[in-house]
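Chain and residue survey
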Amino acid sequence: MRKRRPATKHLQSALSPLRATARLSLQVQAALEQYRLLAKHTRDILLFLQDDGRIMEANRAAEFAYGYERSQLLGRSFRDLCEPQRVSETEAVMAAPELREASLETVHRRADGTTFPVEVDFNAVDVAGRRRWLWVVRDITQRRRTELMRELLRAVDHRILQNQPMDDTLQYICNQLTGVFNVLLVWLGTREADGSVKARARAGVLAGSDLELAEVLTGDQDRPDPIRAAVATCRPQSGRVAEPADPAAGRDGARALGIRSYLVLPLVARDEVLGVLALYSAQPEALISAGPVADLQSFSKQVALALLAARHQEQIILQTVALESAANAVIITDRNGRIHWVNPAFTRLTGYTPQEAIGDTPRMLKSGQHSESFYQELWETILAGRTWRSEVYNRRKDGSLYIDEQTITPVRDATGDITHFITIKQDVTDRKRQEERIRHLVMYDPLTGLPNRHSLQQGLERVVSRCSRSVQTGALLLLDLDEFKVVNDTLGHPAGDQLLTVLAPLMGRCLRPGDLLARLGGDEFAVLLAEADLSTAKDLAECLRREVDEFRFHTGGQILSLSVSIGVTQIDGSLDVKTVLSLADAALYTAKETGKNRVVVHRPDDLTTARQAQASHWITYIKDALREGRFILHFQPVVRIGSGKAEHFEALVRLRGEAGEIIPPGVFIPLAERFGLVSQIDRWVITSVLELLQARPELKIFVNLSGRSLGDESLLEFVETRIRASGITPGHLALEITETAAVTDLAQVQHWMSRLRDLGCRFALDDFGTGFSSFSYLQAIPADYVKIDGSFVRNLDTDPTSRAIVQAINTVAHTLGKEVIAEWVESASVAGILHELGVEFGQGYFWGLPGVEICTTTA
């Protein structure tokens, strides 16, 4: 709502007796007589309304504007004249008890359903003790159109300055003009060397028509078509499309397509016709009135300049580069590197004024961070006439270091000799620091500051490679805290996090220089010894075990003691990285199974025996569980954060032990994957979920797929067959694939998604954010949802870095058209921040624990 503009002189003078009449409390009929007198003094639309919003009187302008007869307007509510989505703003004005005068720009609707922008002046008057309204309504279509045309001109100028492809700019013009003028077709063509006009862009409902425009518009064979006429005369051509003189002659194409008027404008620059802009409307008068013609003639001149700029693009490259780079530091030097000119951005970046820089060379910025060969390669490149690009460490006038992204372009004279160099310098210091922080997040655990699984993998690859080329040996230790879950369950995750941060430096006491301690996730750690025999590795493992065993954790008035199980294996170069990890994992598993709080060593030659024993146990255990029906599903709600309503549920598989205890998936899933049984579990889960969806078709359920299952083509065929046979709505089944699995085998993931999306299934990318290439892979993975890894969500209300990462993931996912789910939401404060950031869905203990029952409402 804007402040009301002053009424016209006649309107103001006519309003005065009306208000005076109201103050004297005359009857309504007298007020209507005053209204009719007022209607004679203005061309504006006038409506006189009762206090309930019904129309008591309307003038001729109102009949013409809205397409109703006066008898149809009287008694009608003002709401019938408002565009439905905009009714509330008018109601708000009229509901204000003390309001006497106001003005509002809104949208009204005609009897035929079409809409038009208006400006409404509200005047409240008291008549016979009741408030009445006098509306003065102005059609502002022309004003809005003028504003939109100006904005379009500015956008075209911006595109030209950015050197965007000309065809893209011409298509953009057609798209925008279609909406501004509400026409059936906008057609833009350029004049060719032979004088013909070639279509370059078209938009509108008739854009796909194959009819030639000359055939459509020419109603008389003796009359040239408007396109040729515009080119020949350099003048606009406009008119109505009349009924064909002879419909049988086939020249009724325009009317058959609904065209009733047209406007063809030559695009003229420097007295040369460069092209033609044509518009075709369903309204007979739309394109022949003075307003649209004047607006479009002015606009066509700008389009002609755009075409001219494209033709001479090669001639203005130097100027364009300079304009585009004005925000960056620019240096122009001669062939010998002597500075001739610098721009203000150079001074802001380096601290040197033009007076200090001109006459000197860029060596004044030299930092000492690069070798002489670096600069020698630079000069060899640019003196050969090639552009040189690189990141350079330089030093400002105050001595501080910065990093700039530098491009040096040779400039040649008419004979082809290099005369100058143009250097564009962009300060990327902050970006490089941010990249370094991101790299740190990728390589290091944010909680403990220790290297993470990715760092361990890289280090292990180096040690295995080195040992394979020499007699040197190393060792790998895998550590798992015993009963750590008790700490989280009894004292909460914050206490568990605190314990891990204390244990990290404690375990570091046992390490030697060069040893790598990494946190793999949860309560799992690893130690990589680049140089160590098996005896040394076992002694170090015992040191770690004792440190943890003797440690007492004080928190919340309680004292807790812990222990650690450790698996050790030697690295001698005979086994690859995957096998070394598997052997260490087998040793750790043995330590867990034989009583915990111990060190177990497996040598490379122990691999077969250890694996066979472990495989035999778990293969039998899992197969028996499948046969005996001891697998169960728990369900956790996925909640729409804005409403708190559970819209999806994630199916989480659990294993009931022989004694009735519940074995979490973190125990049996890795073992099932290792021994090739995970596909059988996935088959059971898919079958169970499909049966549930048949019984309760209103549910929507997410199912996790193991990364190992993606290579099983028979499982894919099984899933397809079961979905078709079940008769469920496929869109109610969503399959979750971890980001790690997607990155490991992108082609296989795309294969699964392509096959099952054809059936209507949806996909979620789980644990997103754990991989360094997340954003680049996200664009290639056709997932519907992105589930942000809980490690970034859990401490969102206390960790600014986590908040920044979540915001970035959310922004990129939405840009790519994907919805976002945040995992591990455990508090109202975290849920509130997620809602503020625009994350659609949340999942975690705040809304509900996993359980066998499905509840569609949440707390």
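What counts, and at which threshold
Throughout this document, residue positions are counted from 1 along each chain, in the order its sequence is written. Restriction of local features to residues with pLDDT of at least 70 applies here, the model being predicted, together with a cutoff of 80 or more for giving and counting side-chain atom pairs; totals for whole chains, interfaces and linings are based on all residues. Hydrogens and water are ignored here; the side-chain numbers use all heavy atoms of the structure. A run of H or I in DSSP counts as a helix once it spans at least four residues, and a run of E counts as a strand once it spans at least two, with each numbered from the N terminus. Exposed residues in this analysis have more than 50% of their type's maximum accessible area, buried residues have under 20%, and partly exposed residues fall in between, with area computed by a 1.4 Å probe over protein chains only. Two residues qualify as a contact provided that any one of their heavy atoms is within 4.5 Å of a heavy atom in the partner residue. The protein chains shown are the only cover counted for residues, whose accessible areas, like all others here, come from Shrake-Rupley with a 1.4 Å probe. Strands were regarded as paired on the criterion that DSSP finds at least two bridges between them. Only the stretch in contact is used when fitting a helix axis, every axis being a line fitted to C-alpha atoms; angles between N-to-C directions are given from 0 to 180 degrees. Disulfides are defined as pairs of cysteine sulfur atoms found within 2.5 Å of each other. Each residue carries a pLDDT score, the predictor's own confidence in it, on a scale running from 0 to 100. Criterion for a salt bridge: a side-chain nitrogen of Lys or Arg within 4 Å of a carboxyl oxygen of Asp or Glu.

If you tally the helices and strands in the chain, you get 31 helices and 31 strands. Burial statistics for the chain: of 859 residues in total, 46% are counted as buried. Across the chain, the fraction of contacts at a sequence separation of at least 24, relative to all contacts at a separation of at least 6, is 60%. For the chain, the accessible area works out to roughly 41600 Å², and carbon and sulfur atoms hold 50% of it.

Attention now moves to the environment of Arg144. Examined against the element boundaries, Arg144 turns out to sit in helix α6 (residues 141-161). Sequence separation between Arg144 and Phe116 is 28 residues; the distance between their C-alpha atoms is 9.9 Å. Every residue in contact with Arg144, bar those within four places of it in the chain, is listed here: Glu105 and Pro117.

A few words now on the sheet that holds strand β7 (residues 197-203). The strand order across the open sheet formed by five strands is β7-β6-β10-β9-β8, and the pairing between neighbours is antiparallel. For this open sheet the edge positions go to β7 and β8 (237-240), each flanked by a neighbour on one side alone. In this sheet, adjacent strand axes meet at a mean angle of 15 degrees when their direction is disregarded. Sheet topology places β8 next to strand β9 (residues 261-269); four bridges connect them, and they run antiparallel. Looking at the pairing, Ser238 lines up with Leu263 of β9. Against the sheet, helix α7 (residues 166-181) contacts β6 (185-191), β7 and β10 (272-281), and its axis sits at roughly 55 degrees relative to β7.

Here we take up the pairing of strand β1 (residues 45-49). Remember that side chains alternate between the two faces of the sheet whenever the strand is regular. Summarising burial for β1: five of the five residues are buried, a large majority. Of the two faces of β1, both are covered, the one formed by Ile45, Leu47 and Leu49 as well as the one formed by Leu46 and Phe48. Pairing geometry for β1 and strand β5 (residues 130-139), over five bridges, is antiparallel. Opposite Leu49, over in β5, you have Trp133 as the bridge partner. Where β1 and strand β2 (residues 55-58) come together, three bridges link them in antiparallel fashion. Opposite Leu47, over in β2, you have Ala58 as the bridge partner. The antiparallel hairpin formed by β1 and β2 contains five residues in its connecting segment, where Gly53 sits at a positive phi of about 90 degrees.

Right, let's talk about unusual backbone geometry for a bit. One can expect most non-glycine residues to show negative phi and most peptide bonds to be in trans. With a phi angle near 60 degrees, Cys234 is a residue other than glycine that sits in the positive phi range. Counting through the fold element by element, Cys234 comes out in the loop between α9 (226-233) and β8. Although it is not a glycine, Trp824 adopts a positive phi angle of roughly 60 degrees. As for its placement among the helices and strands, Trp824 is situated in the loop between β30 (819-822) and α31 (828-837). Taking the relative accessible area as the measure of exposure, Trp824 reaches 41% and is therefore partly exposed.

Here the focus is the state of the cysteines. One pass over the structure, following the stated rule, counts one disulfide. Between the sulfur atoms of Cys510 and its disulfide mate Cys543 the distance is 2.1 Å. Residues Cys510 and Cys543 are joined through a disulfide that is left-handed, its torsion about the S-S bond being -80 degrees. Residue Cys510 is located in the loop between α19 (493-508) and β17 (516-521), and its partner Cys543 is located in helix α20 (residues 534-550); the two are separated by 33 residues in the primary sequence.

Moving on to the pairing of strand β15 (residues 418-427). Across six bridges, strand β11 (residues 329-334) lies against β15 in antiparallel orientation. By the bridge assignment, Val330 is partnered in β15 with Ile424. Inspection of the sheet shows strand β14 (residues 401-412) paired to β15 by nine bridges, in the antiparallel sense. Within β15, the position partnered with Glu405 by the bridge is Gln426.

Turning to the confidence of the model for the chain, a few remarks are in order. The pLDDT averaged across the chain works out to 82; a share of 84% of its residues lies at or above 70. Taken together, the stretch residues 6-10 has pLDDT below 50 and engages in two contacts with residues farther than four places along the chain or on a different chain. Across residues 17-27, confidence stays below pLDDT 50; counting only partners more than four residues off in sequence or on other chains, it has 16 contacts.

Here we take up the pattern of salt bridges. According to the stated counting rule, one finds 34 salt bridges in the structure shown. Asp126 is the salt-bridge partner of Arg100, the closest N and O atoms lying 3.7 Å from each other. Here Arg100, found in the loop between α5 (87-95) and β3 (101-109), pairs with Asp126, found in strand β4 (residues 115-127); they are 26 residues apart in sequence, far enough to count as distant. What makes Arg100 partly exposed here is its relative accessible area of 38%. A relative accessible area of 36% places Asp126 in the partly exposed class. Salt-bridge contacts for Lys787 lead to Glu736; the nearest nitrogen and oxygen are separated by 2.8 Å. Note that Lys787 is positioned in strand β29 (residues 785-788) and Glu736 in strand β27 (residues 733-738), a separation of 51 residues in sequence. Glu736 matches Lys787 in its accessibility class, with the two residues each being buried. Through salt bridges with shared partners, a single network forms among Asp44, Glu119, Asp121 and Arg138.

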